[in-house]
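# Working through the structure, step by step
Okay, here's what each chain looks like letter by letter:
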Amino acid sequence: MKYLKYIFLVCYIFITLVIFIKAFEDGEKSAASSDQVTDVIIGTIDGITPGDESITDKFDIEDIKLFIRKAIGHFGLFLVLGIFAAMTYYLFIKNKLLSLIISIVVGLITAGLSELFQGIPVGRAPSFTDVLIDYAGYMIAVLLFSLIFYLPYYIKRRKVKIK
């Protein structure tokens, strides 16, 4: 248990670095990465779907790529980041309310900066919508984490005060 907080910290830093490194990729390289992920997901869906129809027969390939990029590349990655961030702050900061507030603020800053950095490379542009998608993924993770870890803590604290 002693080393658990450092494992979460390393994972948190690693995921944050991946997000920022990906934000600095040029448009062509970013699109190629997204296409690779899309191909794997389409292949997986087609492999488990009965019949000979491909998902690309039902939906436009560009719509599929957009959905995967937003759902996995933005929302999903920030959901994972939110889990590691919330746990890291929870384990390192004794004041649980302060750790929650810091986690929430840092998530917004990370989402904003990652999009801002996308304005630097050629062929990319920052998007406020993407900031909202990123932050939504992050906040869902923090909310779920709070329900699991913080809520019981405050309920227990409240019962002690009542006695």
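Nothing here was measured: the structure is a model prediction, and the numbers come from that model. Chains are numbered independently. Their residues run from 1 in the order of the written sequence. Confidence filtering applies because this is a predicted model: local features only for residues at pLDDT of at least 70, side-chain atom pairs given and counted only at 80 or more, and all residues used for totals across whole chains, interfaces and linings. Side-chain metrics in this entry use all non-hydrogen atoms of the structure; hydrogen atoms and water are not considered.

## Considerations on the overall build of the protein chain
Helix and strand counts for the protein chain come out as six helices and zero strands. Helices and strands appear in the protein chain in the N-to-C order α-α-α-α-α-α. Overall, the protein chain is about 65 × 45 × 30 Å in size when its C-alpha atoms are taken along their principal axes. Contacts are residue-level and defined by heavy atoms, with any inter-residue pair within 4.5 Å sufficient. In the protein chain, of all internal contacts separated by at least 6 residues, the share reaching a separation of at least 24 is 74%. Helix and strand labels come from DSSP, where a helix needs a run of H or I of at least four residues and a strand needs a run of E of at least two; each type is numbered from the N terminus.

## Description of the layout of surface pockets
Put simply, the largest pocket is a space of about 710 Å³. Those elements that provide at least two residues to the lining of the largest pocket are α1 (4-23), α2 (27-48), α4 (61-92), α5 (96-117) and α6 (128-162). When residues of the lining of the largest pocket are assigned to their parent elements, the largest contribution, 11 residues, is made by α4. The residue inventory of the lining of the largest pocket, partitioned by class, reads 11 nonpolar, 11 polar and 11 charged. Grid points spaced at 1 Å over the protein atoms alone were grouped into cavities, where a 1.4 Å probe fits but cannot get out, and pockets, open sets with protein on both sides within 12 Å along at least five of seven lines, with lining residues defined by an atom within 4 Å of a point. Grid points are joined across faces, edges and corners, and a volume is the space filled by probe spheres set on the points. For this classification, the nonpolar set comprises Ala, Val, Leu, Ile, Met, Phe, Trp, Tyr, Cys and Pro, the charged set comprises Asp, Glu, Lys and Arg, and every other residue, Gly included, is treated as polar.

## Concerning the pattern of salt bridges
Note on definitions: salt bridges are taken to be side-chain nitrogens of Lys or Arg within 4 Å of carboxyl oxygens of Asp or Glu. All chains considered together, the criterion is met by four salt bridges. One salt bridge in this structure joins Glu 25 and Lys 22, with 3.1 Å as the shortest N-O distance. Judged by relative accessible area, Lys 22 falls into the partly exposed class, the value being 33%. Between Lys 70 and Asp 130 there is a salt bridge, and its shortest N-O distance comes to 2.4 Å. Highlighted residues: Lys 70 in helix α4 and Asp 130 in helix α6, separated in sequence by 60 residues. By sharing partners, the salt bridges in this structure join Asp 35, Glu 62 and Lys 65 into a single network. Per-residue accessibility, obtained with a 1.4 Å probe over protein chains only, is compared with the maximum for each type, and a residue is labelled buried under 20%, exposed over 50%, and partly exposed between these values.

## Side note on the packing of aromatic side chains
Side-chain rings of Phe, Tyr and Trp (the six-membered ring for Trp) are treated as a pair once their centres are within 6.5 Å; stacked means planes under 30 degrees apart, edge-to-face means over 60, and tilted covers the remaining angles. If you walk through the whole model with that rule in mind, you get nine aromatic pairs. Relative to Phe 92, the ring of Tyr 6 lies with its centre 5.5 Å away and its plane at 80°, an arrangement referred to as edge-to-face. Here Phe 92 lies in helix α4 and Tyr 6 lies in helix α1, a separation of 86 residues in the sequence. Seen in terms of ring centroids, Tyr 135 and Tyr 138 are 6.3 Å apart; in terms of plane orientation they differ by 10°. Their pairing is stacked. Note that Tyr 135 and Tyr 138 are positioned in helix α6 at a spacing of three residues, about one turn of the helix.

## Observations regarding α2
The length a helix should cover is 1.5 Å for every residue beyond the first. For α2, with 22 residues, the first-to-last C-alpha span of 32 Å sits near the 32 Å given by 1.5 Å per residue. Residues of α2 that are buried in the fold lie against α3 (55-58) and α4. Where α2 begins, the side chain of Asp 26 points an oxygen toward the backbone nitrogen of Glu 28, at a separation of 3.0 Å. Side-chain atoms alone can form a polar contact between residues adjacent in sequence; in general such a contact is a pair of N or O atoms within 3.5 Å, and within protein one must be able to donate a hydrogen while the other accepts it.

## Points about the packing of α1 against α5
Note on definitions: angles span 0 to 180 degrees between N-to-C directions of axes, and those axes are lines fitted to C-alpha atoms, for helices only across the stretch in contact. Relative to each other, α1 and α5 sit at 25°, their axes nearing to 7 Å. Considering their axes alone, α1 and α5 lie roughly parallel with respect to each other. The handedness of the crossing between α1 and α5 is right-handed. Within the contact between the two elements, α1 uses Tyr 12, Thr 16, Ile 19, Phe 20 and Ala 23 and α5 uses Val 106, Thr 110, Leu 113, Ser 114 and Phe 117. Looking at the contact of α1 with α5 residue by residue, the classes come out as seven nonpolar, three polar and no charged. When an angle is under 35 degrees it counts as roughly parallel; over 145 it counts as roughly antiparallel; between 65 and 115 it counts as roughly perpendicular; any other value is oblique. Handedness of a crossing follows from how the near helix is turned relative to the far one, being left-handed for an anticlockwise turn of less than a right angle and right-handed for a clockwise one.

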